[in-house]
Amino acid sequence: HPQNMAMSRVGARSENQQNRVAQGVRSGQMTAHETRNVEGREASINRETRNDRQANGGHLTGQERQQINHRQNNVSRSINNDKHNAAHEGGEHDRR
């Protein structure tokens, strides 16, 4: 059923992004501030997804799926940028 595939894709992607954040924290590539920011945005996407599903009998419309995907793309880009910028936890770029 396409709706179930979309639901699992959204959830799997969210889990994958959480794993990327956790790896960035462990390696020191992401600062506490960067981590809080990304996790707050992920939580917002999760709330939006839950609310959209509740409003539509457990399903996401095509437009809602597209909007969530767009927001997840933005968060994914932020994770990548945060992991590859000069800011490191405990590094010389931390606080000046």
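Because the structure is predicted, anything quoted here is derived from the model rather than measured.

Each value, and the rule that gives it
Residues numbered from 1 in each chain as written. Predicted model: local features only at pLDDT ≥ 70, side-chain atom pairs only at ≥ 80, totals over all residues. Heavy atoms only, no water. Axes fitted to C-alpha atoms, helices over the stretch in contact; angles between N-to-C directions. Helix = DSSP H or I, 4+ residues; strand = E, 2+ residues; numbered from the N terminus. Parallel < 35°, antiparallel > 145°, perpendicular 65-115°, else oblique. Contact = heavy atoms within 4.5 Å. Nonpolar A, V, L, I, M, F, W, Y, C, P; charged D, E, K, R; others polar. Core = buried A, V, L, I, M, F, W, Y, C linked by side-chain atoms within 4.5 Å. Buried < 20%, exposed > 50% of the residue type's maximum accessible area, 1.4 Å probe, protein only. Salt bridge = Lys/Arg side-chain N within 4 Å of Asp/Glu carboxyl O.

A.B. asks: Looking at this structure, how should I read the packing of helix α2 (residues 32–55) against helix α3 (residues 62–84)?
C.D. replies: Working note: a packed helix pair is described by the angle between its axes plus the distance between those axes. Two elements in contact, α2 and α3, have axes whose closest approach is 10 Å; the angle formed by their N-to-C orientations is 170°. The angle between α2 and α3 falls in the class roughly antiparallel. Here Glu34, Val38, Arg41, Glu42, Ser44, Ile45, Glu48, Thr49 and Asp52 of α2 come into contact with α3, specifically with Glu64, Gln67, Ile68, Arg71, Gln72, Asn74, Val75, Ser78, Ile79 and Asp82. In terms of residue class, the contact of α2 with α3 is made up of 5 nonpolar, 6 polar and 8 charged.

A.B. asks: So what exactly am I meant to see when it comes to the nonpolar core here?
C.D. replies: Counting residues in each nonpolar core, the largest one holds 9 residues, listed as Val10, Val21, Met30, Val38, Ile45, Leu60, Ile68, Val75 and Ile79. At the level of elements, α1 (2–27), α2 and α3 are the ones that each hand at least two residues to this core. Per-element tally for this core: the top contributor is α3, with 3 residues. Once residues within four sequence positions are removed from consideration, Val21 is found in contact with Met30, Thr35, Val38, Glu39 and Ile79.

A.B. asks: How do you make sense of the pattern of salt bridges when you look at a structure like this?
C.D. replies: Any two side chains of opposite charge can pair if their charged atoms end up close together. One pass over the structure, following the stated rule, counts 1 salt bridge. The partner of Arg71 in a salt bridge is Glu48, and the shortest N-O contact between them spans 2.3 Å. Of this pair, Arg71 sits in helix α3 while Glu48 sits in helix α2, and the two are 23 residues apart along the sequence. Using a relative accessible area of 15% as the deciding quantity, one classes Glu48 as buried.

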